[in-house]
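Each chain is listed here by its residues.
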Amino acid sequence: MMKLLLALIVLTPILSFSQKNNNPIYTITGKIIDATSKKPLEDAIIIFKSIDSNQIKFGSITNQKGHFSIDVEKETYSVSVEFIAYQTKYLNLSAITKDLNLGVIELELDTEILGEVEIVAEKRTLEFKSNKIVFNVEKDIASNGGVATDILNNIPSVSVDPNGEITVQGQGNVQVLINGKTSSLSKTDALKSLPAGSIENIEVIANPGAKYDASALSVINIILKKGKDEGLNASLTATGGYKDYSGGLITLNNKSKNLNFFVNASYNHSNPITSASSENEYFDNSGTTSFLNENSEFNSKKDAFYGTIGTDFYLSKSTTLSTSVNFQNVVNKSNTITSSTIFDATKMPTVSNERTHVGKLENELFEFVVDFEQNFKKEGRKLTSNISYSKDTDDINNTILNTNTANFTNEAYTEMNKLQNTSFEINFANPVGKSSTYTVGYKGNFGKVPFKYSSASEENNIDYYENVNAAFIEFENEGEKFYYGIGLRAEFTELKVDYLNSNTSQKNNFNEVLPSVYLQYSINDLKSLSLSYSKKILPPVYNQLQPFEQKYSETSSYIGNPALNPIYIDASSLGYKYYGNKVVFSPSLFFNRYNDFWENATYETGEHINGVNKIITTPVNVGKVDYYGLDITTVFKPSKSLNFTGNINLYNFDQSGVYETVNSANEIIILDYNHASLNGAFSILTQLKIPKVFDFQINTKHFLISKGPYSTRKAYTYASAAINKDLFNKDASISLTVDDLFKSEKTDRDRFNANYFSKSLIENKHRTILLSLTYRFNQSQKDRKIDFDKKDIKPNY
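Only a predicted model underlies this, so the values are computations on that prediction, with no experimental measurement involved.

Calculation rules
- Residues numbered from 1 in each chain as written.
- Predicted model: local features only at pLDDT ≥ 70, side-chain atom pairs only at ≥ 80, totals over all residues.
- Heavy atoms only, no water.
- Helix = DSSP H or I, 4+ residues; strand = E, 2+ residues; numbered from the N terminus.
- Rg over C-alpha atoms; globule rule 2.2 N^0.38 Å.
- Buried < 20%, exposed > 50% of the residue type's maximum accessible area, 1.4 Å probe, protein only.
- Areas by Shrake-Rupley, 256 points an atom, 1.4 Å probe, with all protein chains shown as cover.
- Pairing = 2+ DSSP bridges.
- Axes fitted to C-alpha atoms, helices over the stretch in contact; angles between N-to-C directions.
- Contact = heavy atoms within 4.5 Å.
- 1 Å grid on protein atoms, 1.4 Å probe; cavity = no way out; pocket = protein on both sides within 12 Å on 5 of 7 lines; lining within 4 Å.
- Points joined across faces, edges and corners; volume = space filled by probe spheres on them.
- Nonpolar A, V, L, I, M, F, W, Y, C, P; charged D, E, K, R; others polar.
- Salt bridge = Lys/Arg side-chain N within 4 Å of Asp/Glu carboxyl O.
- Phe/Tyr/Trp six-rings, centres within 6.5 Å; stacked < 30°, edge-to-face > 60°.
- Lys NZ or Arg CZ within 6 Å of the ring centre and 35° of its normal.

Draft legend 1. Region of the structure containing the overall build of the chain. Each helix and strand in the chain was counted, giving four helices and 47 strands. Taking 28 Å as the expected radius of gyration for a compact globule of 797 residues, we find that the chain reaches 29 Å, a close match to that expectation. Per-residue burial for the chain yields a buried fraction of 49% across its 797 residues. As presented, the chain carries roughly 37300 Å² of accessible surface, and 54% of it is formed by carbon and sulfur atoms.

Draft legend 2. Geometry of the sheet that holds strand 30 (residues 556–558). With mixed pairing, the four strands of this open sheet are ordered in space as 29-30-34-33. Edge positions in the sheet fall to strand 29 (550–553) and strand 33 (598–609), since each has one partner strand and no second. Direction aside, neighbouring strands of the sheet carry axes that sit 25 degrees apart on average. One ladder, built from nine bridges, connects strand 33 with strand 34 (residues 612–621); its direction is antiparallel. Counterpart to asparagine 600 in the pairing with strand 34 is proline 619.

Draft legend 3. Geometry of the side chain of serine 390. Turning to its location among the elements, serine 390 is positioned in strand 22 (residues 382–402). Once you skip the residues sitting within four places of it in the chain, serine 390 turns out to touch Ser184, Phe366, Glu367, Leu419, Gln420 and Asn421.

Draft legend 4. Representation of the pairing of strand 37 (residues 658–662) in the model. Where burial is concerned, the two faces of strand 37 differ: the one with Tyr659 and Thr661 is buried and the one with Val658, Glu660 and Val662 is not. Between strand 37 and the antiparallel strand that follows it, strand 38 (residues 668–672), lie five residues; asparagine 666 among them carries a positive phi value of about 65 degrees.

Draft legend 5. Highlighting empty space enclosed by the protein. Tallied over the full model, the rule gives six cavities of 30 Å³ or more. In this structure, the largest cavity occupies an estimated 500 Å³ of space. Forming the walls of the largest cavity are 32 residues, and the residues nearest its centre are Gln169, Ala206, Asn207, Ser573 and Ser588. At the level of elements, strand 9 (132–136), strand 13 (199–205), strand 28 (527–538), strand 31 (567–579), strand 32 (583–595) and strand 35 (624–639) are the ones that each hand at least two residues to the lining of the largest cavity. The element best represented in the lining of the largest cavity is strand 31, accounting for six residues. Grouping the amino acids of the lining of the largest cavity by side-chain chemistry returns 14 nonpolar, 15 polar and three charged. Approximately 120 Å³ is the volume attributed to the second largest cavity. Taken together, 16 residues form the lining of the second largest cavity, with Gly145, Gly146, Pro195, Gly248 and Leu249 sitting closest to its centre. Where the lining of the second largest cavity is concerned, the elements lending two or more residues are strand 15 (231–242), strand 16 (245–255) and strand 17 (259–270). In terms of residues, the lining of the second largest cavity owes the most to one element, strand 16, which gives four residues.

Draft legend 6. Representation of the pattern of salt bridges. Taken as a whole, this structure holds 20 salt bridges when the rule is applied. Across the pair glutamate 75 and lysine 57 runs a salt bridge whose closest N-O atoms are separated by 3.6 Å. Here the residue glutamate 75 occupies a position in the loop between strand 4 (67–73) and strand 5 (77–82), and lysine 57 occupies one in strand 3 (residues 56–61), the gap between them amounting to 18 residues. For glutamate 75, a relative accessible area of 23% gives the class partly exposed. With a closest N to O distance of 3.6 Å, glutamate 127 and lysine 129 form a salt bridge. Assessed through its relative accessible area of 4%, glutamate 127 is described here as buried. Salt bridges here are not isolated pairs; linked through shared partners, they connect Asp213, Lys443, Arg489 and Glu491.

Draft legend 7. How the structure looks around the packing of aromatic side chains. For the structure shown, the criterion picks out 23 aromatic pairs. Here phenylalanine 424 and tyrosine 442 contribute two aromatic rings whose centre-to-centre distance is 6.4 Å and whose plane-to-plane angle is 45 degrees, an arrangement assigned as tilted. Of this pair, phenylalanine 424 sits in strand 23 (residues 411–432) while tyrosine 442 sits in strand 24 (residues 436–455), placing them 18 residues apart in sequence. Among the residues examined, tyrosine 442 registers a relative accessible area of 29% and is labelled partly exposed. Geometrically, the ring pair formed by tyrosine 594 and phenylalanine 597 is edge-to-face, given 5.7 Å between the ring centres and 85 degrees between the ring planes. The class of phenylalanine 597 is buried, set by a relative accessible area of 13%. Ring pairing ties together the aromatic residues Phe590, Tyr594, Phe597, Tyr627, Tyr651 and Phe653, which thus form one cluster. Directly above the ring of phenylalanine 291 sits lysine 347, whose terminal nitrogen or CZ lies 5.2 Å from the centroid. Looking at lysine 496, its charged tip hangs above the ring of tyrosine 465, at a distance of 5.9 Å from the centre.

Draft legend 8. Up close: unusual backbone geometry. Of note, the amide linkage connecting tyrosine 242 to lysine 243 takes the cis form, showing an omega dihedral of 20 degrees. In this structure, asparagine 179 takes a positive phi of about 55 degrees despite not being glycine. Here asparagine 179 lies in the loop between strand 12 (174–178) and helix 3 (188–191). Owing to a relative accessible area of 30%, asparagine 179 belongs among the partly exposed residues under this scheme. One non-glycine residue with positive phi stands out, namely aspartate 740, at about 55 degrees.

See the structure below:
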């Protein structure tokens, strides 16, 4: 029934608005290139105007290879080809009475640079570039009222789980950048508060090269909006919704010849409620010994304010200095009630309890950023540098009360984290000849986190330091058919932990030189092959190293491992791309080998609490993992109004290794991790645009069952939908978004070993429904954008 309803939601608008046109339709194709370099021009515009009224009737833009394809009605037109900084070219065509291939159209540079007019064509939702894809957020109507993690979930091969963990092609360790740089705004909690309406586009790189951090298996670069219009312009967005959601966003921009001042500010209030249930059975050699059933409800009320204020100073035509301040304040008040019942082997209740966990997190983030860019007379020669300072403070208070104080312990504790980080980066790019460029760069990142934990029974004061110095060199060459890029990165990481209470220290150094290579061969203008390889290192972070127990419940805890070693990874991929007029097809094969893989080992401590064997989880190095599979992204645009973006990600997780330890009861624990399993996910984003009526989209994802050596996560499917309507001649828009449309996003997991079996289910109690209204001031002609679906536009060229 659910699948039928989903099909109706996708197909009904399509069937309702399909229209027949008696006037014959013909397809016009061609290719637009630079007259001097003979290279294709991406996003060049071809326009068909009515001879009688001079109104734009049809238009199209070129793809990455310079190709265009446009369906036009039988008529006589005035046809022109345009691109920024190039001379407009008028084509001498007679009446369109058949399909035509216009061949190769060459554009000449305009020496006057077209100073007074900037024309930007309508962009596609998803663009394919060399070694990356670009997702244009303004084309995602779910961006109104949403946050960054909502948009990431709509990008092919990218997923964000309920805890905010981001994966690309099923793998974690994703480096998230803001405007191409490491930022405090890129941490998980900050992304959950970063408004989607403040984002211009998002770049995804599946196998990054030497320029990026050695720990980055993939890179997500979030480009924030900076106004491009001259003069003062702004937009306001107000959002309200179910359940208990409200917020607002303001963007303000004032651009002149010498500077560009911009402000993004938002506030949002939310109160998601999550329910969890678990059933646990415990064994020994003689059979079942006890049962534990728990039911929890997590109530998390969050108030978040985010702001960015900055200025671009255009010191000259070739020199830009930018300064910006980012600020975020989050107050999260949580209330978790857990009902627990312990049964004996005959399922008779022996102990019961209701546990109330009241928590409060206050986070304050401040970041100051300075960027500098110098372009030289030699085309392509450029110097960029960046320096940033951030201060990120977490103040956490927790109180745990139990109704059964005879068997369970009341607790109260506080945590204080104060991250201070300074980062400096400088890069220099210089062309060599007509087709080659080398880039050299340095990045230094210096962080300190004083950590304080205090409770009635203990107090821990820790200073954590992480200093990274890295340098890289990259060389690239682009010929007519063949492109290659090679790189080398040297990264030196120093981790130091001072345990002030015990007057002891722990120090780890990881120094590596890591190569990377990317090759691409163009079979023809529509088809290309690519091959990439890079070596990575994943050093452990503070939470994995800290040796202090953190309680999940009375019978379950986590503790870090100070002896944890880094993971070394060899990552490779082989890709193919087809750039058709209506179809883009991009499959890739990937193979990654993880050496000294991290596994969160869970085992019995030997300590019994009310007859239940306490378990603990700790990260350990266990053997290796071969991670290989297939990723396919396809874009199909059958008409102007309909677009499908699909993704298939299938991978095999082949693990080998054994972990052995001795618990507090002097029992030998052996965990065998020799295991292989097939995992994967499917997604399809359907977008329907009905001119002058509404825009609609629905995103559906299905995750296959995931089997591990000691756990199984069941398969599940979920969907989100959005609808948008423009108002007041596109000065305003109203949108409705529904997340978890069928309330089917849930984590249904089994955990097991020889001594216990556990079934757990975690799900949202309510779906999220948001209604947003956006009003734009002086942005109705934003970027002089040409909407080819609107027939009465008369732009002044």
